[in-house]
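Analysis of the macromolecular model
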Amino acid sequence: PTLEMMHRLEAQGHSYLGSLRALALENNNEQSALARLESGEYVGDYKCLYPGSGSNTGKAHPPSPVSLASSVSHVPADALAPASYKSTPSEYHPISKAGAAAAAVEGYGVMVDGYGRDGTDVTQPWVEPAGAAAPAVNLEATPYHDMSGIPMNTFSNKKPCLGSVRSVKRIVGPKATGEICHIVLDHGGQMPFWEGQSLGIIPPGLNDRGKANKVRLYSIASTRYGDDMSGTTSTLCVRRATYWDEDMQAEDPAKKGICSNYLCDATPGAEVKMVGPSGKIMLMPESTPNADIIMVATGTGIAPYRGFIRRLFVEDTPARTAFTGLAWLFLGVANTDALLYDEDWQMVKAEYPNNFRVDYALSREQKNKEGGKMYIQDKVAEYADELFERLDNGAHIYFCGLKGMMPGIQDMLA
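Residues numbered from 1 in each chain as written. Predicted model: local features only at pLDDT ≥ 70, side-chain atom pairs only at ≥ 80, totals over all residues. Heavy atoms only, no water.

**A closer look at the packing of helix α1 (residues 3-11) against helix α3 (residues 30-38)**
Quick note on the threshold: Only the stretch in contact is used when fitting a helix axis, every axis being a line fitted to C-alpha atoms; angles between N-to-C directions are given from 0 to 180 degrees. Only DSSP runs of H or I with at least four residues qualify as helices, and only runs of E with at least two residues qualify as strands; both kinds are numbered from the N terminus onward. Angle categories: roughly parallel below 35 degrees, roughly antiparallel above 145, roughly perpendicular from 65 to 115, and oblique for all the rest. Left-handed describes a crossing whose near helix is turned anticlockwise from the far helix by less than a right angle; the clockwise case is right-handed. In this description, contact between two residues means that some pair of their heavy atoms is separated by no more than 4.5 Å. Three classes are used, and their members are as follows: Ala, Val, Leu, Ile, Met, Phe, Trp, Tyr, Cys and Pro are nonpolar, Asp, Glu, Lys and Arg are charged, and the others, Gly among them, are polar.
Between α1 and α3, whose axes approach to 11 Å, the crossing angle comes to 30°. As summarised for this structure, α1 and α3 are arranged roughly parallel, according to the angle between their axes. The way α1 lies across α3 gives a crossing that is right-handed. Touching Met5, Arg8 and Leu9 of α1 are Glu30, Ala33, Leu34 and Leu37, all from α3. Of the residues contributing to the contact of α1 with α3, the split by class is five nonpolar, no polar and two charged.

Listed below in structure tokens is the structure:
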């Protein structure tokens, strides 16, 4: 559903989530959704907020809170316990009656949702932040776009930052071509960085020559404040590197990626050696906040752009306040299950339709204009005229991911 549809239903006295649910049930037919809402039929399905913790079936469910899009706070498990409850029109009770605090937890906001036959609204804590997420510390330059003090190579191979793994989570579906993990590392505030920089990881152990493993570089996938806004973490988006042996018809463990497998297999609390930060090529053009930013990625090349987009649209920063341009993301992956952070992009797009766009190239699901597979260079080429116009007007364009995308894009730009 579009925001316009939502706003029209809200203007007639219906709640945001109720309108969203009704439109989903009626396949975005606004008149049918309105009729459903006016009939008093229950439409406030909390399953979309806490998957597994409640539905409109009248059946009780154990709590299973999940992390939603990056700008939405998830409910801690202990906040819901013992939050098994029923949620039919007649039996629904707010989760505060099932053991959760009635007031919003500090740092979390409130969403109001309609549920009953009488259209009554119920306040639910913790669902989404009250405005942009505020950082716990100030890591801004003065002025905020001054690049003279960018942190560079604070830690070296010989003297790495000793941090720990905060969390590891698979973020692709079962039909994705490979495993990709969202990995949060805790550096304790020792290793500040800027959006667009990289950090190095020294995997433990020795190589086949008996020497310590070399550093592997990864683009940082969070802002300088980290996903929790504490300024003490950094996030990586890592694809597990494996090697398929045609003769064996199996993966050859001897040829798997040392560092990617180490990270994807890591458990919370495990020590990790970090080097850096490094890199100035991918930094954001914050001195020109009216300029468009065009971001082209394949796979885990999305990492630096996640930091860009969170800084521009999600977090309460000077960059967010100043930005008036268009941030346009192009992402190429194999299929829908391989999309990365799609919930985040859709949320930003819904809130900032004039300042954010996203286009996907799904090589195994879409066709290009010649009838072949849709690769990222094909998707970018579809908008060639508009992109050239934006570039002529001062837009910045970034590329991150597989080198194989570049020849086609370079031909288009020539």
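What follows continues from the structure just given.
**Points about the packing of helix α6 (residues 303-314) against helix α8 (residues 342-351)**
The interhelical angle for the contact between α6 and α8, taken along N-to-C directions, is 30°, at an axis separation of 11 Å. Of the two elements, α6 crosses α8, and the hand of that crossing is left-handed. Where α6 abuts α8, its residues Arg306, Ile309, Phe313 and Val314 lie against Asp344, Trp345 and Val348.

**What about the state of the cysteines?**
Put simply, the rule reads: In what follows, a disulfide is any cysteine sulfur pair within 2.5 Å.
Taken as a whole, this structure holds zero disulfides when the rule is applied. The thiol of cysteine 181 is unpaired, and the distance to the nearest cysteine sulfur, on cysteine 264, comes to 3.7 Å.

**Brief notes about the nonpolar core**
Heads up, the rule is: Among buried residues, the Ala, Val, Leu, Ile, Met, Phe, Trp, Tyr and Cys ones that are joined through side-chain atoms within 4.5 Å form a nonpolar core. Throughout, exposure labels follow a simple rule: accessible area from a 1.4 Å probe, protein chains only, divided by the maximum for the residue type, with under 20% read as buried, over 50% as exposed, and the rest as partly exposed.
One finds Ile302, Tyr305, Phe313, Leu329, Trp345 and Phe356 to be the most contacted residues of the largest nonpolar core, which totals 38 residues. Mapped onto this core, the elements with two or more residues apiece are β11 (293-298), α6, β12 (327-333), α8, β13 (356-362) and β14 (396-400). Ranked by the residues each element gives to this core, the list is headed by α6, at seven residues. Not counting residues up to four positions away in its chain, the partners in contact with phenylalanine 313 are Arg320, Phe323, Ala327, Val348, Tyr352, Asn355 and Phe356.

In short, shape yes, function no, at least from these values alone.
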